Amino acid sequence: GAGVSQSPSNKVTEKGKDVELRCDPISGHTALYWYRQSLGQGLEFLIYFQGNSAPDKSGLPSDRFSAERTGGSVSTLTIQRTQQEDSAVYLCASSSAGAGANVLTFGAGSRLTVL
Amino acid sequence: QQQVKQSPQSLIVQKGGISIINCAYENTAFDYFPWYQQFPGKGPALLIAIRPDVSEKKEGRFTISFNKSAKQFSLHIMDSQPGDSATYFCAARWPGAQKLVFGQGTRLTINP
């Protein structure tokens, strides 16, 4: 695709429910990232996938958060038993290999509101 | 622990003026320092970047100044325009990895 596509763009859920956020990276990009942007805060790294390597999960804040990337393309971030502090914009980014690896292309984000 | 500290949180500049945003980092191993620009409702987009072996990089009206000894770098926007109004994030990259550590962001407003 022309850019990184994320869905849904907005999600309102009740505390305790599970949510899934989807990311379609740029075709051919080998690396995929998830970041979280809370109100007034910077971007917090969550997880990074690179090709067939084991993902870097060092930023996931708790075991309620998980992510997978199927077929080296689409990724899903799952948040189980959502809490109010999970409310944020979840951003996905992708990058290519080689010289393009430094350039992260972000999607518009999925805004999650937990009531 | 905030590894990249950014200031100010918000900044208002008159059209035609110079906008300056500062960042300080903790880890001397960081090997790449990009700036991202984010408009409301959009994801951040790479604006300009520098490596630590260079003290300055200029692209059009945007300049990064890098002070390795002080562990600081800054973004200068010359002749600031209303279209530059956005949130700006500095970042630093861990060596040998592709993940970026971001500052808290600066909301820049350029008054016409």
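The rules we used
- Residues numbered from 1 in each chain as written.
- Chains lettered and ligands numbered in written order.
- Predicted model: local features only at pLDDT ≥ 70, side-chain atom pairs only at ≥ 80, totals over all residues.
- Heavy atoms only, no water.
- Phe/Tyr/Trp six-rings, centres within 6.5 Å; stacked < 30°, edge-to-face > 60°.
- Helix = DSSP H or I, 4+ residues; strand = E, 2+ residues; numbered from the N terminus.
- Buried < 20%, exposed > 50% of the residue type's maximum accessible area, 1.4 Å probe, protein only.
- Core = buried A, V, L, I, M, F, W, Y, C linked by side-chain atoms within 4.5 Å.
- Contact = heavy atoms within 4.5 Å.
- Pairing = 2+ DSSP bridges.
- Axes fitted to C-alpha atoms, helices over the stretch in contact; angles between N-to-C directions.
- Patch = residues over 30% accessible without salt bridge, like charges linked within 9 Å, V, L, I, M, F, W, Y side chains within 5 Å.
- Areas by Shrake-Rupley, 256 points an atom, 1.4 Å probe, with all protein chains shown as cover.
- Salt bridge = Lys/Arg side-chain N within 4 Å of Asp/Glu carboxyl O.

Novice: So, the packing of aromatic side chains: which residues are in play, and what are the values?
Specialist: Residues and elements named next belong to chain B. Scanning the model with the defined rule gives 18 aromatic pairs over all chains in all. Ring geometry for Tyr25 versus Phe73: centroids 6.2 Å apart, planes at 55°, classification tilted. Linking Tyr25 in strand β3 (residues 19-25) with Phe73 in strand β8 (residues 72-77), this pair joins segments that are 48 residues apart in sequence. For the pair Tyr25 and Phe73, one class covers both residues: buried. Pairwise contacts between aromatic rings join Tyr25, Phe30, Phe33, Trp35, Phe66, Phe73 and Trp94 into one cluster.

Novice: Any chance you could break down the nonpolar core for me, citing the residues and the numbers?
Specialist: In terms of nonpolar packing, the biggest core is built from 25 residues, with B:Val4, B:Phe33, B:Trp35, B:Phe73, B:Leu75 and B:Tyr88 touching the most fellow members. The set of elements that each furnish at least two residues to this core consists of β2 (10-14), β3, β4 (33-38), β5 (45-50), β7 (62-67), β8, β9 (86-93) and β11 (106-111) of chain B. Here the element with the most residues in this core is β9(B); it accounts for 4 residues. Those residues in contact with B:Phe73 that sit more than four places away from it in its chain are B:Ile21, B:Asn22, B:Cys23, B:Tyr25, B:Phe33, B:Trp35, B:Ser65, B:Phe66, B:Cys90 and B:Ala91. Membership of the second largest hydrophobic core comes to 20 residues, among which are A:Cys23, A:Leu32, A:Phe65 and A:Ala88.

Novice: Give a detailed account of the side chain of A:Arg36, specifying residues and quantitative values.
Specialist: Residue and element names in this part refer to chain A. Take Arg36: it is sitting in strand β4 (residues 31-37). For Arg36, a relative accessible area of 9% corresponds to the buried category. With residues up to four places along the chain from it excluded, the contact list for Arg36 reads Gly42, Leu43, Glu44, Leu46, Pro61, Phe65, Glu85, Asp86, Ala88, Val89 and Tyr90.

Novice: Run through the sheet that holds β8(B), naming residues and quoting values.
Specialist: All names here are of chain B. The strand order across the open sheet formed by 5 strands is β1-β3-β8-β7-β6, and the pairing between neighbours is antiparallel. The two strands at the open ends of the sheet, each matched to only one other strand, are β1 (4-7) and β6 (56-59). Strand-to-strand twist of the sheet, defined as the mean angle between neighbouring strand axes without regard to direction, takes the value 15°.

Novice: Would you mind going over a nonpolar patch on the surface in detail, with residue names and values included?
Specialist: On the surface, B:Ile18, B:Ile20 and B:Met78 cluster together into a nonpolar patch covering about 240 Å² of accessible area. Turning to its location among the elements, B:Ile20 is positioned in strand β3.

Novice: Lay out the sheet that holds strand β6 (residues 65-69) of chain A in plain terms, naming residues and giving numbers.
Specialist: Residues and elements named next belong to chain A. Taken together, 4 strands build an open sheet; the order of strands is β1-β3-β7-β6 and the sheet is antiparallel. In the strand order of this sheet, the two ends are held by β1 (5-7) and β6, each with one partner. Ignoring strand direction, the axes of neighbouring strands in this sheet form an average angle of 15°. When β1 meets strand β3 (residues 19-24), the two strands line up antiparallel, connected through 3 bridges. Paired with Gln6 across the bridge in β3 is Cys23.

Novice: Break down the pattern of salt bridges for me, with residues and values.
Specialist: Should the charged atoms of two oppositely charged side chains come close, the side chains can pair. Residue and element names in this part refer to chain B. With the rule as written, the count across this model stands at 7 salt bridges over all chains. Of the charged contacts, one joins Arg93 and Asp31 as a salt bridge, the two residues approaching to 3.1 Å between their closest N and O atoms. With Arg93 in strand β9 and Asp31 in the loop between β3 and β4, this residue pair connects regions lying 62 residues apart in the sequence. The pair formed by Arg93 and Asp31 is uniform in burial state, with each residue classed as buried. Glu59 is the partner of Lys57 in a salt bridge, and the nearest nitrogen-oxygen pair spans 3.6 Å. With a relative accessible area of 32%, Lys57 lands in the partly exposed category.

Remember that the coordinates give geometry; whether it matters functionally is a separate question.
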